[in-house]
Amino acid sequence: KAPDVSVADLYKYYGNRLARRARQAAILADQAVQEAWRQQQLARYWTRQALEDEAKAMRSLPAPKVDPEDTWPHVPPGWELPPTPLVSTRDPRSVSIYSGSFSEPLLAAAPSLPSACRRRRTQGVAAFLVAVT
């Protein structure tokens, strides 16, 4: 005969299991937070050490000689900015689509088109050219 189990016993058992599972998850989360804190402290320490060493190295270097008349920094040859703007005035995402039919000699003279495209276009199908502007 099966043992008599009450609903209250099942409720307590299930609640106990959930509590143990939650306690384990809380312990793992707490350990993760402590490890993150330790890593943060180590990062701060080594950053401070690096900054102190950098300052010590900068102090050990001789001071650069500054000419009071020379207020503009010198740019090495070839590093000057170009006279034209570096950013294009045209929208890089704009596309123009041209359609029309081409003659046979013109398509044969277009080596940049794949042979499959040239074959299809020579069979009388209208051609579409996409030009990126």
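Here the structure is a predicted model, which means the values were calculated and not measured.

Focus: the overall build of the protein chain
Piece 1. Scanning the protein chain for helices and strands turns up three helices and two strands.
Piece 2. Element order for the protein chain, N to C, with α for helix and β for strand: α-β-α-α-β.
Piece 3. The buried share of the protein chain, taken over its 133 residues, is 4%.
Piece 4. Nonlocal contacts in the protein chain, meaning residues at least 24 apart in sequence, comprise 67% of its contacts between residues at least 6 apart.

Things to note about the pattern of salt bridges
Piece 1. Per the stated rule, a full pass over the model turns up two salt bridges.
Piece 2. For the salt bridge of E35 with R38, the shortest nitrogen-to-oxygen distance reads 2.6 Å. Taken together, the positions of E35 and R38, both in helix α1 (residues 7–60) and three residues apart, correspond to about one turn of that helix.
Piece 3. Given the relative accessible area of 35%, E35 is considered partly exposed.
Piece 4. A salt bridge links E52 to R48, with the nearest nitrogen and oxygen atoms 3.1 Å apart.

What counts and how
- Starting afresh in each chain, residues are numbered from 1 along the sequence in its written order.
- In view of the model being predicted, local features appear only for residues whose pLDDT reaches at least 70, and side-chain atom pairs are presented and counted only at 80 or more, with totals across whole chains, interfaces and linings using the full set of residues.
- Excluded from the side-chain calculation are hydrogens and water; included are all heavy atoms of the structure.
- Comment: elements are numbered from the N terminus, with helices defined as DSSP H or I runs of at least four residues and strands as E runs of at least two.
- With a 1.4 Å probe rolled over the protein chains alone, any residue whose accessible area is under 20% of its type maximum counts as buried; one over 50% counts as exposed, and the rest are partly exposed.
- Residues count as neighbours in contact if any of their non-hydrogen atoms are within 4.5 Å of one another.
- Take a side-chain nitrogen of Lys or Arg and a carboxyl oxygen of Asp or Glu: if they are within 4 Å of each other, that pair is a salt bridge.

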